[in-house]
Amino acid sequence: MKINKTTEALIEWYGMNKRDLPWRDVDDPYKVWISEIILQQTRVNQGISYYYRFIEAFPNVNSLAAATSDQVLKLWQGLGYYSRARNLHHAAKQIVASYGGVFPSTYDEIIKLKGIGQYTAAAIASISFNIAVPAVDGNIYRVLSRLFSIAEPIGTNTSYKLFFNRSLEIIDKSRPGIYNQALMELGALVCHPQMPACIDCPLQMHCSAYNDGTITLFPVKNAKVKVQERFFYYFIMIHGSKIGIRKRNENDIWKGLYEFPMIESSKADLHIDEAIRLFTHSVNIDEATIQYISDEYRHKLTHRLINARFIHLLLPIGWQCSIDGVIWINRNDLSNYALPRLIDRYVKESGFID
Ligand code: SF4
């Protein structure tokens, strides 16, 4: 089958330059899926060790589906964007319930799985099932926008269709998985956001923006989303050798992870005494000794900046440890629970646990 010259140059370059990664040349849809989900929002170097650990703990859909959510989240700890882990777990159960544990083999079935969007469905369908469906993610938007001088702002439904159709025109229908991976790899290794290495690019002579000297104009982006600042006051309640923790159920961030009971303020200037008063009142504690108040810890998420303080409260010996939703654990067992990175960082840096 004859393929476009651009595609030919791209695939030839990929064959000689692709990185040696653990999920490379793997077509097991389960492994492709896990690698793609890990690599969303995570750098390749950081993702490799997580990939190995995940595949070792859960080598197939059935073992993932049979795990508890605490086991899955614990393995994910430190990677952030925990909805990815919750969705993986949910989708594994879907595959067991609806397909007897066999990964579905059509794009339309794959995209119905929880947490799988257009990009991931296309990656799995093309790499594992040889279906000619273009994958479009941040790297690919960048490469295609420059290659074809596409001025439509990226990340909208309209631009997705535009880029998808443009890619469909040049996809190698006999090797769609290789084609998609080659575009991703070119975006990661050569067509960088800043200072693309055009001199090393196999597509240079076909690249519209390069030939027009307009690379810096692409990709076109919409205005940035404003970062929201939030103020968290965590209370480490210490009762002898026990401390209180709770599972976070709020739908905004870190759902399913464990944290210290906390209050949140919308203001930067809530006085620490007032925060303590509000908290102790909310949990009916009349008597507690403030052992320590931390400096402010700042933690950046994509659209949020968390400012956190940790307040250690010593509870009296005879106090009944009963607060709704709080479990009391040995301090040294804290590391067995999946914690947000902010809390993990605090307890380690402060020496609260080893
Ligand atoms: S020539 Fe430069 S801008 Fe064009 S695709 Fe290659 S690296 Fe990107």
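**Observations regarding the site of the ligand**
Here is step 1 of the chain: Taken together, the residues surrounding the ligand are Arg-146, Val-190, Cys-191, Pro-196, Cys-198, Cys-201, Gln-204, Cys-207, Tyr-210 and Ile-215.
Here is step 2 of the chain: Per-class residue counts for the shell around the ligand are eight nonpolar, one polar and one charged.

**Regarding the nonpolar core**
Here is step 1 of the chain: In terms of nonpolar packing, the biggest core is built from 101 residues, with Trp-33, Ile-34, Phe-54, Leu-64, Tyr-234, Phe-260 and Phe-310 touching the most fellow members.
Here is step 2 of the chain: In terms of residue count, the dominant contributor to this core is helix 8 (residues 118-129) (seven residues).
Here is step 3 of the chain: Both of domain 1 (5-217) and domain 2 (228-349) provide at least three residues apiece to this core.
Here is step 4 of the chain: With residues near it in sequence (within four places) discarded, Phe-54 still touches Tyr-30, Ile-34, Leu-64, Val-72, Leu-75, Trp-76 and Leu-88.
Here is step 5 of the chain: By size, the runner-up hydrophobic cluster in this structure holds 19 residues, among which are Tyr-233, Met-237, Val-283 and Ile-323.

**Describing the packing of helix 9 (residues 138-147) against helix 10 (residues 157-170)**
Here is step 1 of the chain: The interhelical angle for the contact between helix 9 and helix 10, taken along N-to-C directions, is 70°, at an axis separation of 11 Å. Taken together, helix 9 and helix 10 sit at an angle that is classed as roughly perpendicular. Helix-helix and strand crossings are classified by hand; for helix 9 and helix 10 the assignment is left-handed. Of helix 10, the residues touching helix 9 (which contributes Tyr-141, Leu-144 and Ser-145) are Ser-159, Tyr-160, Phe-163 and Ser-167.
Here is step 2 of the chain: Of the residues in the contact of helix 9 with helix 10, the class split is four nonpolar, three polar and no charged.

**Thoughts on unusual backbone geometry**
With the exception of glycine, most residues fall at negative phi, and the peptide bonds are largely trans.
Here is step 1 of the chain: Cis rather than trans, the peptide bond between Phe-218 and Pro-219 has omega equal to -5°.
Here is step 2 of the chain: For Met-195, which is not glycine, the phi dihedral falls at a positive 50°.
Here is step 3 of the chain: With respect to the helices, strands and loops of the structure, Met-195 is situated in the loop between helix 11 (176-189) and helix 12 (208-212).
Here is step 4 of the chain: Phi angles above zero are rare outside glycine, and Trp-254 is one such case at about 60°.
Here is step 5 of the chain: Positionally, Trp-254 belongs in the loop between strand 2 (242-247) and strand 3 (258-259).

**A word on the packing of aromatic side chains**
Here is step 1 of the chain: Taken as a whole and assessed by the stated rule, the structure comprises 18 aromatic pairs.
Here is step 2 of the chain: An angle of 65° between the planes, with centres 5.6 Å apart, marks the rings of Trp-33 and Phe-103 as edge-to-face. Within this pair, whereas Trp-33 is found in helix 2 (residues 29-39), its partner Phe-103 is found in the loop between helix 6 (83-99) and helix 7 (107-110), the two being separated by 70 residues in sequence.
Here is step 3 of the chain: Residue class for Trp-33 comes out buried when judged on its relative accessible area of 0%.
Here is step 4 of the chain: Among the residues examined, Phe-103 registers a relative accessible area of 9% and is labelled buried.
Here is step 5 of the chain: Between Phe-54 and Phe-58 the ring centres are 5.2 Å apart and the planes differ by 70°, which places this aromatic pair in the edge-to-face class.
Here is step 6 of the chain: What makes Phe-58 buried here is its relative accessible area of 6%.
Here is step 7 of the chain: An aromatic cluster is present here, built from Phe-232, Tyr-234, Trp-254, Phe-260, Tyr-297, Phe-310, Tyr-346 and Phe-352 joined pairwise through their rings.

Rules behind the numbers
Residues numbered from 1 in each chain as written. Predicted model: local features only at pLDDT ≥ 70, side-chain atom pairs only at ≥ 80, totals over all residues. Heavy atoms only, no water. Near = heavy atom within 4 Å. Nonpolar A, V, L, I, M, F, W, Y, C, P; charged D, E, K, R; others polar. Core = buried A, V, L, I, M, F, W, Y, C linked by side-chain atoms within 4.5 Å. Buried < 20%, exposed > 50% of the residue type's maximum accessible area, 1.4 Å probe, protein only. Helix = DSSP H or I, 4+ residues; strand = E, 2+ residues; numbered from the N terminus. Domains from an automatic or database assignment. Contact = heavy atoms within 4.5 Å. Axes fitted to C-alpha atoms, helices over the stretch in contact; angles between N-to-C directions. Parallel < 35°, antiparallel > 145°, perpendicular 65-115°, else oblique. Left-handed = near helix turned anticlockwise from the far one by under 90°. Phe/Tyr/Trp six-rings, centres within 6.5 Å; stacked < 30°, edge-to-face > 60°.

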